[in-house]
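The primary structure of each chain is shown beneath.
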Amino acid sequence: MKIAIIGTGYVGLVSGADFANRGHQVTCVDINEARIEGLKQGVMPISEVGLPELVAAGVKAGMLEFSLDARAAIAEAEIVFCCVGTPLADDGRADCGMIYEVARTFGESITKPTVLVNKSTVPVGTAMKCEEIIKKELQNRKMLDSRPRVLALRGDPFFAVVSNPEFLSQGTAVRDTANPSRLIIGSDDAWAIAQMELVNASFITAGVPKIVMSRASAELAKCAANAFLATKISFINEIANLCELVGANVDDIAASMGLDKRIGPAFLNAGIGYGGGCIPKDTAALIATGHDVGYEFKILPAVQAVNESQRRILYTKLCEFMPERAGKRIAVWGLAFKPGTDDVRSAPSLQIVQNLLADGAEMIAYDPTAQKNAAGLLPQLKFAKTPLEAVQEADALLICTEWPEFAELSLEKIAEMMSNKLIIDGRGVYRNVERPNNVKYWTVGCG
Ligand SMILES: NC(=O)c1ccc[n+]([C@@H]2O[C@H](COP(=O)([O-])OP(=O)(O)OC[C@H]3O[C@@H](n4cnc5c(N)ncnc54)[C@H](O)[C@@H]3O)[C@@H](O)[C@H]2O)c1
């Protein structure tokens, strides 16, 4: 099928490249000129394992192209995927301004029956609002009256808006997109559902569970999933805090809980809280949705409160060990909100580094992929080329992201290079490792 993808970020670029490699003709559109220019030269705007190869294969096969011209791409397409951002607004609601902009452009541009698919995470009712925007544009263009006769006779619309939430995880986005856990089709329009089944035929044949539901249910299904993951993280973090007080080890408890099939092992890693562009935003947006319709969540505000205090824990601990931080050289390992990604949106590391810079500390960080993104936000932060270079002569080491390469380094070697052998491990990288006697070590959930 001919596909237009609007928004070429983590969701749009990976989905577009995957669709192209499944035999669809895909145009990925963005308003960011540098992003599109870079992609035309083979430069990836985000870091994801396997993405450069997937994009290159799609381009080489002539099935994937990049463009700044949304109108032309939409006019050509049979199906348009909206993958633009929905950041958290100041009022705690998801800002759907970019989604509505895409809906307007869609209404201004379609020339034949076309489906608009919201892959972005949106609050309940967004598809309905998109539909109203598109109808208005089509009325302005007198297009509703000029729909193909056969569709008009059947009473079919000229367009449909489908909710199709995306469940990929950053860090494993390519793998997740190729092997989705489920395919959610939020629509009650038979023609649109058939188009969705056609574009997703290879997934359906491969046995990916498909659930057709109302648009409101599909919109809610995504936010509910992310809010539940946030709940799991805050739950294990509270258990970790208790472990510290009673002399238990949270890893052992998480391992035991995870073996219970009703619970499962994922999202039970105690640490310094969740971050990123999705889980915090989707949890807040769900609370706001409830509030708007007169339902006040009780669990989710507590989940948020636990996360907020958990995010402060590393800084608080460091202050206990090091009451005077001005002039101290402090190394930070990991800036990304989790391993496998270069994304620093709402990453716990940012606030910690900001606090320590404000205290007058000299901060030197290492992250294998996220240094460029962090540099844009924290101009005073210095960077090292390797983790060991970062700890050279350091007065303390803070671990904010559990990149696997950190666990491979020897604690003896790290300690040898540091002036003051203080390690505050926010992710439990060395929780279960024997530690040299001269190292002062603290981690979450280890009493
Ligand atoms: N990142 C994830 O792991 C993930 C997973 C599932 C769902 N989601 C959801 O998917 C959506 C997109 O997330 P993302 O992380 O890919 O965002 P992103 O910020 O990485 O990418 C969004 C892109 O859209 C572009 N854009 C904005 N307005 C545009 C317009 N009018 N026309 C063309 N391009 C436009 C931006 O320039 C940007 O490149 C969000 O709603 C997010 O919550 C994200």
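Residues numbered from 1 in each chain as written. Predicted model: local features only at pLDDT ≥ 70, side-chain atom pairs only at ≥ 80, totals over all residues.

Colleague: What should I look at first to understand the sheet that holds strand β14 (residues 440-443) in this one?
Modeller: In sheet architecture, strand pairing relies on hydrogen bonds along the backbone and comes in two forms, parallel and antiparallel. Taken together, 6 strands build an open sheet; the order of strands is β11-β10-β9-β12-β13-β14 and the sheet is parallel. Edge positions in the open sheet fall to β11 (382-383) and β14, since each of these has one partner strand only. Across 3 bridges, strand β12 (residues 396-399) lies against strand β13 (residues 422-425) in parallel orientation. Across the sheet, residue Ile399 finds its bridge partner in β13, namely Asp425. Across the sheet, helix α14 (residues 299-321) touches β12, β13 and β14, and the angle it forms with β13 is around 160 degrees. Sheet strands touched by helix α15 (residues 348-358): β9 (329-333), β10 (362-366) and β12. Its angle to β10, the strand with the most contacts, is close to 155 degrees. (Pairing = 2+ DSSP bridges. Helix = DSSP H or I, 4+ residues; strand = E, 2+ residues; numbered from the N terminus. Contact = placed C-beta atoms within 7 Å. Axes fitted to C-alpha atoms, helices over the stretch in contact; angles between N-to-C directions.)

Colleague: Even after reading the chapter, I still don't get the site of the ligand, so can you show me in this structure?
Modeller: Contacts to the ligand come from 27 residues, most closely from Gly7, Gly9, Tyr10, Ser120 and Thr121. Elements supplying a minimum of two residues to the shell around the ligand: α1 (10-20) and α5 (97-109). Looking at the shell around the ligand residue by residue, the class counts come to 12 nonpolar, 11 polar and 4 charged. (Near = placed C-beta within 6 Å. Nonpolar A, V, L, I, M, F, W, Y, C, P; charged D, E, K, R; others polar.)

Colleague: For this particular structure, what's the right way to read the domain arrangement of the protein?
Modeller: Where interface size is given, it is often the accessible area lost as the parts come together that is meant. Partitioning the protein into structural domains gives domain 1 (2-213) and domain 2 (243-447). The distance between the C-alpha centroids of domain 1 and domain 2 comes to 35 Å. Residue-level contacts link 14 residues of domain 1 with 16 residues of domain 2. Residue composition of the side of domain 1 that touches domain 2, grouped by class: 7 nonpolar, 6 polar and 1 charged. (Domains from an automatic or database assignment.)

Colleague: Explanation requested: the environment of Pro265 in the structure shown.
Modeller: Within the fold, Pro265 resides in the loop between α12 (250-258) and α13 (279-292). Each C-alpha atom, one on Pro265 and one on Cys400, is 21 Å from the other, the two residues being 135 residues apart in sequence.

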